[in-house]
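# Secondary and tertiary structure notes
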Amino acid sequence: MTDEEHPHPSHWYTTNLVGIPAAVVGSATFSAYPQQLHVSGARECNRGLFSLLERCEAADDARAVFEHYMSIAFGLAKSAPGAAAEEKTAERRRWRSSYLKLLQGWGLDANGPAGAVLKGWVESRFGLVPSFHSGPLARFPSPVWTTYLEQRSASRYHNNSIYQQLDLLFEFCQWMLARFELLGPGPQVTLWRGSLNFEQQLVAGSLRERRCTVNLNNMVSFTLDRETAGCFGDWVMRVRVPKTKLLLIPGLLDTTSLRGESEVLAIGGDYDVEVAYGP
């Protein structure tokens, strides 16, 4: 089989729920000239949440409303201190996956089960197929693909309507960015990413020119801090990322998950970047 018959996963696309073709969403052109993205049905099926959010005059109030709504809607609240012993025992035995546990899992290992579920969500909602999970996801089938698919559907994280939880997290992030300008004005934000295997991600241009196009995994971590990015690889990318592709930013939630590295989670694809070697 030729490479044309087995294209790289960066050229594989599926149907999506955002109303814009996956090939466009994952293109460098979209990153340069972004359009608004919304997961179909997410806001419409949760009108009560966004009605309450519209009444919030401060970001702290909006965070509290969102987290309370998610707790009630998906049964994430712990048993009350005065609850019966039987109820507490049943609660301990029942594992309910939550967006918070998923983000914590990603922070520990982006190539573990939590990372597989997040990448599967991007594949389902945005149509972008992952290109890496504990190894390059090249030809299918392969052991690496089998591991990814098994972890993506395992009940440890993939239960309790976890994709719907992530839909609401994405929509809440977009709402907060628009309402309170958490990352400043404008449709894009400057982010940084360190890499050890930069050459494998290169799509166009050259390292010598320091400006090129790279293909990043369908879910990817960035940081707001250039020095922090340098801790994760010799090559450091400066990227202008559309705010419409952001899932999690520092300060979005009242949690310490990912906060220490000023980490930002974004939808991947092709990006035009400036790259530098070393600190």
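Now for a look at the structure at hand. (Residues numbered from 1 in each chain as written. Predicted model: local features only at pLDDT ≥ 70, side-chain atom pairs only at ≥ 80, totals over all residues. Heavy atoms only, no water.)

## Quick word on the pairing of strand E4 (residues 235–242)
Put simply, side chains in a regular strand alternate between the two faces of the sheet. Across the eight residues that make up E4, a large majority, six, are buried. The sheet contact formed by strand E1 (residues 188–195) and E4 spans eight bridges and is antiparallel. In the sheet register, Leu191 faces E4, and the bridge partner there is Val239. Of the strand pairs in this sheet, E4 and strand E6 (residues 263–277) are connected by five bridges, and their pairing is antiparallel. When the sheet's bridge partners are listed, Met237 is paired in E6 with Val275. (Buried < 20%, exposed > 50% of the residue type's maximum accessible area, 1.4 Å probe, protein only. Helix = DSSP H or I, 4+ residues; strand = E, 2+ residues; numbered from the N terminus. Pairing = 2+ DSSP bridges.)

## So, the packing of helix H4 (residues 59–73) against helix H9 (residues 162–180)
Helix-helix packing is described using two parameters, namely the angle between the two axes and the distance between the axes. Close contact between H4 and H9 brings their axes to 12 Å; oriented N to C, the two are set at 170°. It follows that H4 is roughly antiparallel to H9 by the angle criterion. As for the relative orientation of H4 and H9, their crossing is right-handed in sense. Two secondary-structure elements touch here, H4 through Ala59, Ala62, Arg63, Phe66, Tyr69 and Met70 and H9 through Gln165, Leu168, Leu169, Phe172, Trp175, Met176 and Phe180. Of the residues contributing to the contact of H4 with H9, the split by class is eleven nonpolar, one polar and one charged. (Axes fitted to C-alpha atoms, helices over the stretch in contact; angles between N-to-C directions. Parallel < 35°, antiparallel > 145°, perpendicular 65-115°, else oblique. Left-handed = near helix turned anticlockwise from the far one by under 90°. Contact = heavy atoms within 4.5 Å. Nonpolar A, V, L, I, M, F, W, Y, C, P; charged D, E, K, R; others polar.)

## Description of the side chain of Gln174
Within the fold, Gln174 resides in helix H9. Side-chain polar atoms of Gln174 contact the backbone oxygen of Leu246, separated by 3.0 Å. When neighbours within four sequence positions are excluded, Gln174 is seen to be in contact with Gln36, Leu37, Arg43, Lys243, Thr244, Lys245 and Leu246. (Polar contact = N/O pair within 3.5 Å; in protein donor to acceptor, adjacent residues only side chain to side chain.)

## Comments concerning the side chain of Thr213
Along the chain, the position of Thr213 falls in strand E3 (residues 211–223). Polar side-chain contacts of Thr213 include one of 2.6 Å to the side chain of Asp272. Not counting the four nearest positions on each side in its chain, Thr213 is found in contact with Ala28, Gln201, Leu202, Val203, Ala204, Asp270, Tyr271 and Asp272.

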